[in-house]
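Descriptive structure summary
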Amino acid sequence: MLQSRSGGARRGTAAAKSAPMSIGAVLNLLRDEFPEVTISKIRFLESEGLVEPQRTPSGYRKFTAADVERLSRVLRLQRDHYLPLRVIKEQLDALDRGEEVALPGPARPSEAIDPFDAPEGDRASAAVPAHHGTDSPAGAESPRAARVGRAELLAAAEAEEEQLAEWESYGLIRPGGDGGYDAEAVAIARIVADLGRHGLEPRHLRVVKASAEREAGLVEQVVAPLRRHRNPQTRAHAEATARELATLAVRLHAALVQSALKARLR
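Residues numbered from 1 in each chain as written. Predicted model: local features only at pLDDT ≥ 70, side-chain atom pairs only at ≥ 80, totals over all residues. Heavy atoms only, no water.

1. Focus: the overall build of the chain
Helix and strand counts for the chain come out as ten helices and two strands. When the helices and strands of the chain are read in sequence order from the N terminus, they spell out α-α-β-β-α-α-α-α-α-α-α-α. The buried share of the chain, taken over its 266 residues, is 33%. Contacts spanning at least 24 positions in sequence make up 55% of the contacts within the chain whose residues lie at least 6 apart. Here the chain has roughly 16,200 Å² of accessible surface; of this, 53% comes from carbon and sulfur atoms. (Helix = DSSP H or I, 4+ residues; strand = E, 2+ residues; numbered from the N terminus. Buried < 20%, exposed > 50% of the residue type's maximum accessible area, 1.4 Å probe, protein only. Contact = heavy atoms within 4.5 Å. Areas by Shrake-Rupley, 256 points an atom, 1.4 Å probe, with all protein chains shown as cover.)

This is the structure we're talking about:
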């Protein structure tokens, strides 16, 4: 019987055999515990380096019982702890080295680590006030939930009031109900300001905004069945799935733009 690294048997993977399995067989084993998993999801996890199945001479994937266990662990960490794939991979690598890995307690979706984490020192993130040390009161708002005022947003974007008003008129940035701006708004403001310095005005960016909204609509269509699932964990997992799909959409968009530019600038 296949067991988790902690030793506990897991429903959905217990039937895994020692003989190599096709991706379809792996999917059937996983779906008992993870009904939302798909072949595309397994392939995506492989592309991210989280599992490395063997390949036949003709190129078909062959998964071992250890691969199935590894996939199960990845899916549980996403579902139960809302960890981004980068952190999950670091944990798996540590386990492969024989190190002990302590898991956080189950997280709420709002406490999930965002896979769009900005690099350390990113100016947009730095513009959002954060709580540090042990002096923060219990239940204090986390850095990711912090909001900034209009003046702080303008300072972060190095922009003028007239510019922000124009961005808002085109729907590129919207304040929250309290009049504040979240980290995403700060990031958008900085990017729009930088594009403006290259001569791209808000009216030019309407097509970009429309494309983003269409992509968001596609993601919403995919996760809608998860949100309607009777299993509360599956419903909660919809947010992590949406973020993962958004990451893929951003990567695809960037690749398509690069490809189009390469063709045009020849």
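2. Some remarks on the nonpolar core
Within soluble globular proteins, side chains that are nonpolar tend to cluster in buried spots. In this structure, V26, L30, I42, L45, L71 and I88 are the most contacted members of the largest nonpolar core, which totals 25 residues. Counting only elements with at least two residues in this core, the list comes to α1 (23-31), α2 (39-47), α3 (65-81) and α4 (85-96). Ignoring sequence-local partners within four residues, the contact set of L45 consists of L50, V51, L71, V74, L75 and L85. Counting 17 residues, the second-largest nonpolar core is a separate cluster that includes W167, L172, A189 and V192. (Core = buried A, V, L, I, M, F, W, Y, C linked by side-chain atoms within 4.5 Å.)

3. Considerations on a nonpolar patch on the surface
Taken together, the side chains of V257, L261 and L265 make up a nonpolar region of the molecular surface, amounting to roughly 280 Å² of accessible area. Inspection of the secondary structure puts L265 in the segment after α10 (232-264). (Patch = residues over 30% accessible without salt bridge, like charges linked within 9 Å, V, L, I, M, F, W, Y side chains within 5 Å. Salt bridge = Lys/Arg side-chain N within 4 Å of Asp/Glu carboxyl O.)

4. Some words on α1
For α1, the full list of buried residues reads I23, V26, L27, L29 and L30. The buried residues of α1 occupy an angular sector of 165° when projected down its axis, which confines them to one face. Elements that come into contact with the buried residues of α1 comprise α2, β2 (61-62) and α3. (Arc of directions from axis to C-beta.)

5. A look at the packing of α3 against α4
Relative to each other, α3 and α4 sit at 135°, their axes nearing to 10 Å. Comparing the axis directions of α3 and α4 gives the class oblique. Two packed elements cross with a definite hand, and for α3 against α4 that hand is right-handed. Contact residues: α3 offers R70, R73, V74, L77 and Q78, while α4 offers L85, I88, Q91, L92, D93, L95 and D96. Here the residues of the contact of α3 with α4 sort into six nonpolar, two polar and four charged. (Axes fitted to C-alpha atoms, helices over the stretch in contact; angles between N-to-C directions. Parallel < 35°, antiparallel > 145°, perpendicular 65-115°, else oblique. Left-handed = near helix turned anticlockwise from the far one by under 90°. Nonpolar A, V, L, I, M, F, W, Y, C, P; charged D, E, K, R; others polar.)

6. Observations regarding the pattern of salt bridges
Counted by the stated rule, this structure contains 18 salt bridges. For the salt bridge of D194 with R197, the shortest nitrogen-to-oxygen distance reads 2.5 Å. Residue R243 is joined to E239 by a salt bridge in which the shortest nitrogen-to-oxygen separation is 3.2 Å. With R243 and E239 both in helix α10, this residue pair falls four residues apart, about one helical turn. Classification of R243 as partly exposed rests on a relative accessible area of 24%. Salt bridges linked by common partners bring E158, R190, D194 and R197 together as one network.

7. Observations regarding the side chain of D67
Along the chain, the position of D67 falls in helix α3. The side chain of D67 sits in the buried core without any salt bridge; R70 is the nearest counter-charge, 6.4 Å away. Discounting residues that sit within four places of it in the chain, D67 has contacts with V51, E52, P53 and K62. (Lys, Arg positive; Asp, Glu negative; His and termini not counted.)

8. Looking at the side chain of E36
Mapped onto the elements, E36 comes out in the loop between α1 and α2. No salt bridge is formed by the buried E36; its nearest oppositely charged neighbour, R79, is found at 6.1 Å. Beyond its immediate chain neighbours, meaning those up to four positions away, E36 contacts L226, T234 and H237.

9. A closer look at unusual backbone geometry
With phi around 55°, E158 is a residue other than glycine that occupies positive phi space. Relative to the helices and strands, E158 resides in the loop between α6 (150-157) and α7 (161-169).

10. Some points on the packing of α6 against α7
Close contact between α6 and α7 brings their axes to 10 Å; oriented N to C, the two are set at 100°. As far as their axial angle goes, α7 and α6 are roughly perpendicular. Along its contact with α6, which presents R150, L153, L154 and A157, the element α7 presents E161, L164, A165, W167 and E168. Here the contact of α6 with α7 is composed, by residue class, of six nonpolar, no polar and three charged.

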